[in-house]
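# Structural characterization, general
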Amino acid sequence: MMHNWYPLFQLCDSNFPSGAFSHSLGFETYFQKHQLQDRESLEKAISLYIRRQLIFTDGLACKLAYEAAEKEDNHALAEIDRLLIASCLARESREAGCRMGKRMAKVCAELYPSPLLSGYLKGVQEKKLHGHPAIVFALVGCQMRVPKETVIGVYLFSAVSALVQNAVRGIPIGQTDGQRILTNIQPEMNEAVAVISQFSTEDLGVSCPGLEIAQMQHERLHVRLFMS
């Protein structure tokens, strides 16, 4: 039923207090180096980000967490949480993911409570787990019985949308150009969902060295608009 999707829309909203719209995930380094200066260069960078990093990190983690939730497998959720943190080399981005995950888990545990989500939040609060928004998103989506592919697709769009809106402010470019990117990139996100469906835990953590370096350099920028 369509109403089952409403919680996902709520989690994607810029007003949801996860902190996603305070982070550029390293892209601000490219803004300051003038390597991303217009819609065309940003769109190419976003496309590369989806294919080379987002698929193998947050996107795949969302799929794996959804499957673990279906089986009520807390051990699998803990392993996904561990691998996500271990595979994020940049300290600032790693800490950003943990902060966003903890905030999202805390709010969602009140709005859409479930034993798995409560257990995950407890593990984060007790510092046995780290917290990640992709895992929380999957837990809510599974609880609401939204199809797995839809949950993954909506999460990918949410992540890309936050990044594009931050780039609109950071480069800056016009709001209309940002919306053009979100329109043009939709076929790639559909392809990403199909690719993710073929992967397993062994594929989790493949990343893009160039972006990882930019994420590390961001920690030492003299002036920063974003937290990561």
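Attention here is on the structure that accompanies the text. Fair warning: this is a prediction, and the values are worked out from it, not measured in the lab. (Residues numbered from 1 in each chain as written. Predicted model: local features only at pLDDT ≥ 70, side-chain atom pairs only at ≥ 80, totals over all residues. Heavy atoms only, no water.)

### Some remarks on the overall build of the chain
What counts here: Put simply, DSSP marks the helices as runs of H or I at least four residues long and the strands as runs of E at least two long, and each gets a number from the N terminus on. Radius of gyration: C-alpha atoms only; globule rule: 2.2 Å multiplied by the number of residues to the exponent 0.38. Residue burial is assigned from relative accessible area. The probe radius is 1.4 Å, only protein chains are included, and a residue is buried under 20% of its type maximum, exposed over 50%, and partly exposed in between.
Tallying secondary structure elements over the chain gives eleven helices and zero strands in all. Its C-alpha atoms give the chain a radius of gyration of 17 Å, within 12% of the compact-globule value 17 Å for 228 residues. Reported as C-alpha extents along the three principal axes, the dimensions of the chain are approximately 45 × 35 × 35 Å. Across the 228 residues of the chain, 51% fall into the buried class.

### Quick notes on the environment of Lys 128
The topology assignment puts Lys 128 in the loop between helix H6 (115-125) and helix H7 (133-143). The class for Lys 128 is exposed, based on a relative accessible area of 65%. Spatially, the C-alpha atom of Lys 128 lies 8.7 Å from that of Ala 78, the residues being 50 residues apart in sequence.

### Structural notes on the pattern of salt bridges
Note the threshold: We count a salt bridge whenever a side-chain nitrogen from Lys or Arg sits within 4 Å of a carboxyl oxygen from Asp or Glu.
Evaluated as defined, the whole model comprises ten salt bridges. Of the charged contacts in the structure, one is a salt bridge between Arg 39 and Asp 177, with a shortest N-O distance of 3.7 Å. Placement of the pair is Arg 39 in helix H3 (residues 39-70) and Asp 177 in helix H9 (residues 175-184), with a sequence separation of 138 residues. Given the relative accessible area of 22%, Asp 177 is considered partly exposed. One salt-bridge network, held together by shared partners, links Arg 39, Glu 40, Glu 43, Asp 177 and Arg 180.

### Focus: H9
The criterion, for reference: To be clear, the arc concerns the directions from the helix axis to the C-beta atoms. Contacts between residues were defined by any pair of non-hydrogen atoms, one from each residue, lying within 4.5 Å.
For H9, the full list of buried residues reads Gly 178, Ile 181 and Leu 182. All buried residues of H9 fall inside an arc of 95° around its axis, so they share one side. Along its buried surface, H9 packs onto H3, helix H8 (148-170) and helix H10 (186-196).

### Here's the deal with the packing of aromatic side chains
What counts here: Two rings from Phe, Tyr or Trp (for Trp, the six-membered ring) form a pair when their centres sit within 6.5 Å of each other. Planes less than 30 degrees apart are called stacked, planes more than 60 degrees apart edge-to-face, and all others tilted.
Under the defined criterion, the tally for this structure stands at five aromatic pairs. Plain terms: the ring middles of Trp 5 and Phe 9 are 6.4 Å apart, the flat faces sit at 70° to each other, and that makes the pair edge-to-face. The partly exposed category is assigned to Trp 5, whose relative accessible area is 27%. Relative accessible area serves as the criterion here: at 38%, Phe 9 is assigned to the partly exposed category. Note on Phe 27 and Tyr 49: the rings are 5.8 Å apart at their centroids and 85° apart in plane angle, and the pair reads as edge-to-face. Residue Phe 27 is found in helix H2 (residues 27-32), and its partner Tyr 49 is found in helix H3; the two are separated by 22 residues along the sequence. On the accessibility criterion, Phe 27 (3% relative accessible area) is buried. Tyr 49 sits in the buried class, given a relative accessible area of 8%.

### Quick look at unusual backbone geometry
The omega angle of the peptide bond from Ile 171 to Pro 172 is -10°, so this bond is cis rather than trans. Within the element layout of this structure, Pro 172 appears in the loop between H8 and H9. The phi angle at His 34 is positive, at roughly 60°, despite the residue not being glycine. Within the secondary structure layout, His 34 lies in the loop between H2 and H3. The phi angle at Arg 145 is positive, at roughly 60°, despite the residue not being glycine. Along the chain, Arg 145 turns up in the loop between H7 and H8.

### Description of the environment of Thr 176
Counting through the fold element by element, Thr 176 comes out in helix H9. Thr 176 gets classed as exposed once you look at its relative accessible area, which sits at 51%. Taking the C-alpha atoms as reference, Thr 176 lies 22 Å from Tyr 155; in sequence the two are 21 residues apart.

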